[in-house]
Amino acid sequence: MADRIDSDVVASPTLIISRTEDGNRILVPKCKLLAVSGPLQAQEFVVSSDTFTIGSGRSNDLMLDDSTISRRHCEIQLSPEGYSIRDLGSTNGTYVQGVRIKSAFLDEGTEFQMGSSRLVFCPMQETMEYGLSQNESFGRLLGKSVAMRHVFHVAERFAGSDSTVMINGETGTGKEVLAEEIHRHSGRCDKPFVVIDCASLANDLVASELFGHSKGAFTGAITDRVGAFEEADGGTVFLDEIGDLAPELQPKLLRVLEKREVKRVGSNTVRKIDVRIISATNKKLQNEVNVGNFREDLYFRLSVINIELPPLRKRKDDIAMLTEAFLGDFLDGEVGKQVSNLEAATKALQNHDWPGNVRELRNLVEMASHGTERPIDLSAFLYLGRSRQPRHNDAPVFNADRPFKQVKQEVVREFEVQYIADLLRQCDGNVSQAARQAGIERAYLQRLIRKHGLR
């Protein structure tokens, strides 16, 4: 079959949704896949879970013995919009109706192909539940959208267990906040919650951070050091950006997950630990498994419970709720008296794509709240313009003789540099304290510090 241009989405959502009377569940039909060619021709396979993986590896829900199919080739996902198929960075691609795709909705009779196998998507009469929480919050996370209420449903169901959790989501969606709330809703809530940012640690220090070291283990190891797993004994270890964990450390982490024991760098003593592990990533780890950057066995150990945090652009029903909550955090007194035409401003915010997700929205509200102009015009801050005051006798900050994107990037950079530099001065360089004072995630603050070369 000839290659076609990659397509992000083809076809249309399957019309599958019906709500129960209590409004807390969505009933969707199960579906089956009919193999019309390939090694499993004429066989049928029922898709009865939120995520159904297909590939040549034995760990998939549907294994296809075909050397042209990647270990984890593609997956079928159930979402509030319907069933969709997503390629997992396969070598030879996934084709829907003859078009090579990254992701596509599946409708009745949709045919897709990988390698020599062609399968047809067939909805069934039998239904399954897509669970929704009755609540519009889970700790500090807020949302009334179907997507977020499903997240809350899964979090509420498994928070009290010791199951290992993998949180997937774009930068700024609130992965660390969700991890912390799962910990707070668990039986380990009175024990430590220890955060390790795998992306910010130098490769030669990650082992020491995770497992600790003995005095003299390497140059600079002047005392014994307790690692994150020992420090969190009885509590939870949160491994942020787990997709950036160095390959040489992945087997060591796998042993911790399997045996619940650690050995400090430079020591032969094995120490038993009792920890729950929650990890998060903004990468598609299935893709990383396919290209050999991430161990498949470690991926499955970390992904006992999978929670996908939707980007803000896919939950715009929540923007009004989030905006009012953030305004309440940053303003003293009644919000309605300090913000002009909040309803119109909210509509403007809902028309934005929010590449920085909830974090970007919170930062915008914080910037507006700290300005001197009242009442606040939130929509002006969306475009970084009207409410900003000129500095002293400088020339006007904004002009239209350069591209909008370029000017906006410069303004954002200036704001970030000045704000973070002053924040670090106030906190004497203590990053954890600075993150708490700013109301942002520590890992995000560290990335900004590195981005702008601050100390």
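See the structure shown above.
All of these numbers come straight from a predicted model, not from anything done at the bench. (Residues numbered from 1 in each chain as written. Predicted model: local features only at pLDDT ≥ 70, side-chain atom pairs only at ≥ 80, totals over all residues. Heavy atoms only, no water.)

Visitor: Would you mind showing me how to read the packing of aromatic side chains here?
Guide: For any pair of aromatic rings, the description consists of the separation of the ring centres together with the inter-plane angle of the planes. Scanning the model with the defined rule gives five aromatic pairs in all. Their ring planes at 10 degrees and their centres at 5.9 Å tell us that F211 and F229 sit as a pair that is stacked. Residue F211 is located in helix α3 (residues 203–211), and its partner F229 is located in helix α4 (residues 228–231); the two are separated by 18 residues in the primary sequence. Look at F211 and you get buried, because its relative accessible area is 4%. Looking at F229, the relative accessible area reads 0%, which means it is buried. The ring of Y444 has R359 sitting right over it, with the charged end atom 3.8 Å from the ring centre. (Phe/Tyr/Trp six-rings, centres within 6.5 Å; stacked < 30°, edge-to-face > 60°. Helix = DSSP H or I, 4+ residues; strand = E, 2+ residues; numbered from the N terminus. Buried < 20%, exposed > 50% of the residue type's maximum accessible area, 1.4 Å probe, protein only. Lys NZ or Arg CZ within 6 Å of the ring centre and 35° of its normal.)

Visitor: Explanation requested: the side chain of R276 in the structure shown.
Guide: In this structure, R276 sits in strand β20 (residues 276–281). Buried charge R276 goes without a salt bridge, the closest partner of opposite sign being D162 at 5.2 Å. Reaching out from R276, the side chain makes a polar contact with the backbone oxygen of F158 at a distance of 2.9 Å. Here A159 takes part through its backbone oxygen, which lies 2.8 Å from a polar atom of the side chain of R276. In this view, R276 contacts F158, A159, S161, D162, S163, V165, I182, S186, R188, G235, T236 and V237; residues no more than four positions away in its chain are not counted. (Lys, Arg positive; Asp, Glu negative; His and termini not counted. Salt bridge = Lys/Arg side-chain N within 4 Å of Asp/Glu carboxyl O. Polar contact = N/O pair within 3.5 Å; in protein donor to acceptor, adjacent residues only side chain to side chain. Contact = heavy atoms within 4.5 Å.)

Visitor: I tried to follow helix α8 (residues 319–330) on my own but got confused; where do I start?
Guide: For the α-helix, the turn length of 3.6 residues means that residues three or four positions removed from each other point alike. With 12 residues, α8 extends 16 Å between its outermost C-alpha atoms, agreeing within 8% with the 16 Å of an ideal straight helix rising 1.5 Å per residue. Within α8 the residues assigned to the buried category are I319, L322, T323, F326, L327 and F330. Down the axis of α8, the sector holding all buried residues measures 135 degrees, keeping them to one side. (Expected span 1.5 Å × (residues − 1). Arc of directions from axis to C-beta.)

Visitor: When you look at the packing of α8 against helix α10 (residues 342–350) in this model, what are you seeing that I'm missing?
Guide: Each packed pair of helices is defined by two parameters, the angle between the axes and the distance between the axes. Orientation of α8 relative to α10, taken along the N-to-C sense of each, is 120 degrees, at an axis distance of 10 Å. The orientation of α8 relative to α10 falls into the category oblique. Where α8 crosses over α10, the handedness of that crossing is right-handed. For the pair α8 and α10, the contacting residues are I319, A320, T323, E324 and L327 in the first and L342, T346, L349 and Q350 in the second. In terms of residue class, the contact of α8 with α10 is made up of five nonpolar, three polar and one charged. (Axes fitted to C-alpha atoms, helices over the stretch in contact; angles between N-to-C directions. Parallel < 35°, antiparallel > 145°, perpendicular 65-115°, else oblique. Left-handed = near helix turned anticlockwise from the far one by under 90°. Nonpolar A, V, L, I, M, F, W, Y, C, P; charged D, E, K, R; others polar.)

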